[in-house]
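Structural characterization, general
The lines below spell out each chain.
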Amino acid sequence: METAPSTQRVGMDEISALAKRRGFIFQSSEIYGGLGGFWDYGPLGAVLKRNVKDAWWRDTVELRDDVVAFDSSIVMHPSVWKASGHVDAFHDVMVDCKVCKHRFRLDHLKDRSQCPDCGSKDSLTPPRNFNLMMRTSVGPMEDTSAAAYLRPETAQGIFVNFKNIYQTARKRPPFGVAQIGKSFRNEITPGNFTYRSREFEQAELEYFVPDDGNDMEAFRQWVDRRKAWYAHYGVDSERLRFYELTESERPHYAKAGVDVEYLFPWGWGELESIAHRGTYDLDAHMNLSGKDLRFFDEASKRHYTPLLIESSAGIDRTVLTFLVDACERERSVDPNGKETERIVLRLHPLLAPVQAAVFSLARNKPELVERARGIESALRRSLRTQYDEGNIGQLYRRQDEIGTPFCVTVDYEALADGTVTVRERDSMRQERLGADGLTRYLEEKLER
Ligand code: GAP
């Protein structure tokens, strides 16, 4: 008798093994032993990451008429980081083990009297500050005058360009500036797969509002919009929370703050921070540069510094969330009473690297191969597709693991009557339909 499938969450080790096996994420420089905190996205991971960025960009920029795009340089004038506070205050407190030489963040230690790696007693050095910015040098001289940093966040590139942006885009507050780009932090203890990396991507929105009493409403609207975004792409609401920071948890200048957190296999972890930062950032750059970055309001003939609502999401953490959240081990009993098990990645169809896979039932039958390849290339115009051939059970298994929502199988009936079998990933239900109507059928199912 057929019974309803039972599902189980999959642990982090298994997810990172799947990510490697199927070409989502590889350790950076693997053939040289890897480099801690750096990752490469493989053929499927690169597409998934691009889809996540596109989904954020579509909702934050393209679907609005009050947000403009930006793309600033990674290396900026060192004064940017002085003004922003990163030179003086962007550090973690760390200790070293004098025996095994390993380094730890003080706030990650449960017991300060013992090294968590080698177990030595009283071997940890006194705590000291460790600045997280990565240094580089600009030009041929490696003296201090050439010292610079790789940006630890993309936001500052927007603040220092505030005037250039609003003047050229002809925007007045309320309006936003969005940017997706790489950031670098010399994390003391990178870990939990890509969760804490030293090179990562951020998607940041800086939304500038007038000081007219509606600023908290704008803050709430962005929190709601981000909630709706995660919900739309199917993140389990039981494992996602929007944590309101208390006054003592917020920086002194911030009027409100919400951390978006996901329940990873090791516990809650931050995906995004949404903050009302007042005039802090523009003020800091005006003070150090001596340049006036205030907005000039033509109507009232008044200069004022707009308030800032920021939403800052980590793309790599969001990709990891989609992988972890979508991945399930499913056990079921087929109509013949046989127990089967599969790993299935229930990615949202707009995020899935492959949206429809087309198979030929046999690889040594030219007429089947030709027909299947023809169907795949026709679908490719509007969907992300893949052609494959061979053992159907193995092909389904592979596509389930990479999150492909639909598989189309071309068998002998396709040659006789022009129909194909379409199998849906989540329910595993199959139906036969005419190959002619396939594109429209899949487009509708995939919400295109
Ligand atoms: N401009 C504000 C800002 O950078 P943040 O809370 O420091 O705020 C925002 O960073 C997001 O960037 C985090 O919520 C996280 O998703 C991502 N992020 C920060 N450090 C990271 C790291 N070491 N590895 C991966 N993602 C990181």
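Located above this text is the structure these notes cover.
Described below are features of the structure shown in this document. Model, not experiment: these values are computed from the prediction.

What to know about the overall build of the chain
- Looking only at helices and strands, one finds 13 helices and 24 strands in the chain.
- Based on the C-alpha atoms only, the size of the chain along its principal axes is roughly 80 × 70 × 45 Å.
- Burial statistics for the chain: of 448 residues in total, 51% are counted as buried.
- If you sum the accessible surface of the chain, you get close to 22000 Å²; carbon and sulfur atoms cover 48% of it.
- Taking the average place of the 63 positive charges on the side chains of the chain and the average place of its 70 negative ones, the gap between the two points comes to 2 Å.

Side note on the packing of aromatic side chains
- Taken as a whole, this structure holds 19 aromatic pairs when the rule is applied.
- Geometrically, the ring pair formed by Tyr262 and Phe264 is edge-to-face, given 5.0 Å between the ring centres and 75 degrees between the ring planes. Each member of the pair Tyr262 and Phe264 is classed as buried.
- For the ring pair Phe359 and Tyr396, a centre distance of 6.0 Å and an interplane angle of 55 degrees mean the geometry is tilted. Of this pair, Phe359 sits in strand S20 (residues 356–360) while Tyr396 sits in helix H11 (residues 392–402), and the two are 37 residues apart along the sequence.
- Judged by relative accessible area, Tyr396 falls into the buried class, the value being 11%.
- Taken together, the aromatic side chains of Phe162, Tyr166, Phe175, Phe208, Phe295 and Tyr304 make up a single cluster linked through ring pairs.
- Above the ring of Trp268, the side-chain terminus of Arg241 is found at 4.1 Å from the ring centroid.
- Sitting over the face of the ring of Tyr195, Arg317 holds its NZ or CZ atom 3.7 Å from the ring centroid.

Looking at the site of the ligand
- The environment of the ligand is made up of 18 residues, and the closest members are Glu153, Glu187, Ser197, Glu204 and Glu270.
- Glu153 places a polar side-chain atom, nitrogen or oxygen, 2.7 Å from a nitrogen atom of the ligand.
- Between the ligand and Glu204 there is a distance of 2.6 Å, counted from a nitrogen atom to a side-chain nitrogen or oxygen.
- Protein contacts shield 90% of the accessible area of the ligand, which totals 560 Å² for the unbound molecule.

Here's the deal with the sheet that holds strand S4 (residues 67–69)
- The strand order S4-S10-S11-S17-S14-S13-S12 describes an open sheet built from seven strands, whose pairing is mixed. Whereas interior strands pair on both sides, the edge strands pair on one side only; in this sheet they are S4 and strand S12 (240–244). Averaged over all neighbouring strand pairs, the angle between strand axes comes to 25 degrees, with direction disregarded.
- Across five bridges, S12 lies against strand S13 (residues 256–264) in antiparallel orientation. In the strand pairing of S13, Tyr243 is matched with Asp259.
- Against the sheet, helix H6 (residues 162–169) touches S4, strand S10 (175–184) and strand S11 (199–209), its axis set at about 135 degrees to S10.
- The strands that helix H7 (residues 215–232) touches are S4, S11, S12, S13, strand S14 (267–278) and strand S17 (307–314); relative to S14, the one it contacts most, it runs at about 150 degrees.

Focus: the nonpolar core
- Within the largest apolar cluster, 57 residues are counted, with the highest numbers of intra-cluster contacts made by Phe24, Leu48, Val52, Trp229, Tyr230, Leu240 and Phe322.
- Sorting elements by how many residues they give to this core places helix H9 (residues 315–326) first, with seven residues.
- Counting 22 residues, the second-largest nonpolar core is a separate cluster that includes Leu368, Val369, Leu383 and Leu438.

A short note on the packing of helix H2 (residues 43–62) against H9
- H9 packs onto H2 with a crossing angle of 110 degrees between their chain directions and a minimal axis gap of 10 Å. When the axis of H2 is compared with that of H9, the two are roughly perpendicular. With respect to the hand of their crossing, H2 and H9 are arranged in right-handed fashion. Residues Leu48, Lys49, Val52 and Lys53 of H2 form the contact with H9, whose own contacting residues are Ile315, Asp316, Thr318, Val319, Phe322 and Leu323.
- Split by residue class, the contact of H2 with H9 holds six nonpolar, one polar and three charged.

Details of the pairing of S11
- S11 sits mainly inside the fold: ten of its eleven residues count as buried.
- Sheet topology note: the S10/S11 ladder contains ten bridges and is antiparallel. Across the sheet, the residue bridging to Phe184 is Glu199, located in S11.
- Note: S11 against S17, eight bridges, orientation antiparallel. The residue bridging Tyr207 from the neighbouring strand is Ile309, located in S17.

Comments concerning the pattern of salt bridges
- Inspection of every chain in the model, using the stated rule, returns 40 salt bridges.
- In this structure, Asp400 engages Arg423 in a salt bridge whose closest nitrogen and oxygen atoms are separated by 2.8 Å. Of this pair, Asp400 sits in helix H11 while Arg423 sits in strand S23 (residues 419–424), placing them 23 residues apart in sequence.
- For Asp400, a relative accessible area of 2% puts it in the buried group.
- For Arg423, a relative accessible area of 5% gives the class buried.
- Note that Glu413 is salt-bridged to Arg432, the shortest N-O span being 3.5 Å. Remark: Arg432 occurs in strand S24 (residues 430–434) and Glu413 occurs in helix H12 (residues 412–417); sequence separation between them is 19 residues.
- By relative accessible area, which is 33% here, Arg432 ends up partly exposed.

Procedures and definitions
- Residues numbered from 1 in each chain as written.
- Predicted model: local features only at pLDDT ≥ 70, side-chain atom pairs only at ≥ 80, totals over all residues.
- Heavy atoms only, no water.
- Helix = DSSP H or I, 4+ residues; strand = E, 2+ residues; numbered from the N terminus.
- Buried < 20%, exposed > 50% of the residue type's maximum accessible area, 1.4 Å probe, protein only.
- Areas by Shrake-Rupley, 256 points an atom, 1.4 Å probe, with all protein chains shown as cover.
- Lys, Arg positive; Asp, Glu negative; His and termini not counted.
- Charge placed at Lys NZ, Arg CZ, Asp CG, Glu CD.
- Phe/Tyr/Trp six-rings, centres within 6.5 Å; stacked < 30°, edge-to-face > 60°.
- Lys NZ or Arg CZ within 6 Å of the ring centre and 35° of its normal.
- Near = heavy atom within 4 Å.
- Polar contact = N/O pair within 3.5 Å; in protein donor to acceptor, adjacent residues only side chain to side chain.
- Pairing = 2+ DSSP bridges.
- Axes fitted to C-alpha atoms, helices over the stretch in contact; angles between N-to-C directions.
- Contact = heavy atoms within 4.5 Å.
- Core = buried A, V, L, I, M, F, W, Y, C linked by side-chain atoms within 4.5 Å.
- Parallel < 35°, antiparallel > 145°, perpendicular 65-115°, else oblique.
- Left-handed = near helix turned anticlockwise from the far one by under 90°.
- Nonpolar A, V, L, I, M, F, W, Y, C, P; charged D, E, K, R; others polar.
- Salt bridge = Lys/Arg side-chain N within 4 Å of Asp/Glu carboxyl O.

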